[in-house]
Amino acid sequence: FKDPTISAVRSIQEALIDYWQDNFKAEQEPLLRFSISMYKDYQEDDFYRRTPLEDRNVEEIAEFLNSHDFSGGASQPAVFHGVSSGVKDSSTELDPGSFRSVFLIGDMGNLGISNEPDKNGHTTDSLIRILKSNNMDFHAIHVGTEYIGHQEVPSEIQSALRNFKLETGIIKNSLTEGFSSYVAL
């Protein structure tokens, strides 16, 4: 899902700039800084990578995505670890009054098809706590939903795909209305 992810990053950056210019014309130009965190399966050595927050860095993010190995499987994707670590890492780079938002783009829920506990103790509740304590909005973009319901896709994979919606729905419903969303592509 590299191309849709890069396109989403560009769209988000452009929409924020347009919104600021349309609504706050008399104020200074916004300082928009973006970071991207990538997660893979826990058993892989580089299951978490991140770029630092930088000003309007869509091209650097595109390069980061293009250099990323997307060969991870469905056995234990470290989704909640990726989000939690990304929030913790960026919290030191943000100004206290910053608007803060997390966009989770993914296909499977935390741990994918695995039913084992997350080895780092991440749960929907712990993710909700870290989002709230860092004043983060949360927006989930669900890719791969076209595979749900296909007979040739194993039921365990379909379950992992459905878990993304279930888990992000719990998170969304735990945050203040209007500060979170879920979109299926």
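Residues numbered from 1 in each chain as written. Predicted model: local features only at pLDDT ≥ 70, side-chain atom pairs only at ≥ 80, totals over all residues. Heavy atoms only, no water.

1. Let's talk about the confidence of the model for the protein
Reasoning step 1: Summing up the model confidence of the protein, the mean pLDDT is 84 and the portion of residues at 70 or higher is 96%.
Reasoning step 2: The element-level mean pLDDT for the protein is lowest in helix 1 (residues 2-23), coming to 78, with helix 4 (residues 124-133) highest at 95. (pLDDT = per-residue confidence, 0-100. Helix = DSSP H or I, 4+ residues; strand = E, 2+ residues; numbered from the N terminus.)

2. Structural notes on the environment of serine 114
Reasoning step 1: In this fold, serine 114 is placed in the loop between strand 5 (101-106) and helix 4.
Reasoning step 2: Residues serine 114 and phenylalanine 103 lie 11 residues apart in sequence; the distance between their C-alpha atoms is 24 Å.
Reasoning step 3: Those residues in contact with serine 114 that lie beyond four places of it in its chain are Ala74, Ser75 and Gln76. (Contact = heavy atoms within 4.5 Å.)

3. Observations regarding helix 2 (residues 58-67)
Reasoning step 1: Within helix 2 the residues assigned to the buried category are Val58, Ile61, Ala62, Phe64 and Leu65. Looking down the long axis of helix 2, one finds its buried residues gathered within 160° of arc, a one-sided arrangement.
Reasoning step 2: The inward-facing, buried residues of helix 2 contact helix 1, strand 1 (33-34), strand 2 (37-39) and strand 3 (48-50). (Buried < 20%, exposed > 50% of the residue type's maximum accessible area, 1.4 Å probe, protein only. Arc of directions from axis to C-beta.)

4. Structural notes on the side chain of arginine 50
Reasoning step 1: Relative to the elements of secondary structure, arginine 50 occurs in strand 3.
Reasoning step 2: A distance of 3.3 Å separates a polar atom in the side chain of arginine 50 from a polar atom in the side chain of serine 35.
Reasoning step 3: There is a polar contact of 2.6 Å between the side chain of arginine 50 and the side chain of glutamate 93.
Reasoning step 4: Once residues lying within four places of it in the same chain are set aside, the contact partners of arginine 50 are Ser35, Ile36, Ser37, Phe64, Gly86, Asp89, Ser90 and Glu93. (Polar contact = N/O pair within 3.5 Å; in protein donor to acceptor, adjacent residues only side chain to side chain.)

5. Some thoughts on the environment of serine 84
Reasoning step 1: Within the secondary structure, serine 84 sits in helix 3 (residues 79-91).
Reasoning step 2: Along the sequence, serine 84 and serine 37 sit 47 residues apart, while their C-alpha atoms lie 10.0 Å from each other.
Reasoning step 3: Residues contacting serine 84, with those up to four places away along its chain left out, are His122, Leu127 and Ile130.

6. Focus: the side chain of asparagine 134
Reasoning step 1: Relative to the helices and strands, asparagine 134 resides in the loop between helix 4 and strand 6 (137-142).
Reasoning step 2: Here the side chain of asparagine 134 touches isoleucine 130 through a polar contact of 2.9 Å, landing on its backbone oxygen.
Reasoning step 3: When neighbours within four sequence positions are excluded, asparagine 134 is seen to be in contact with Val87, Ser91 and Arg100.

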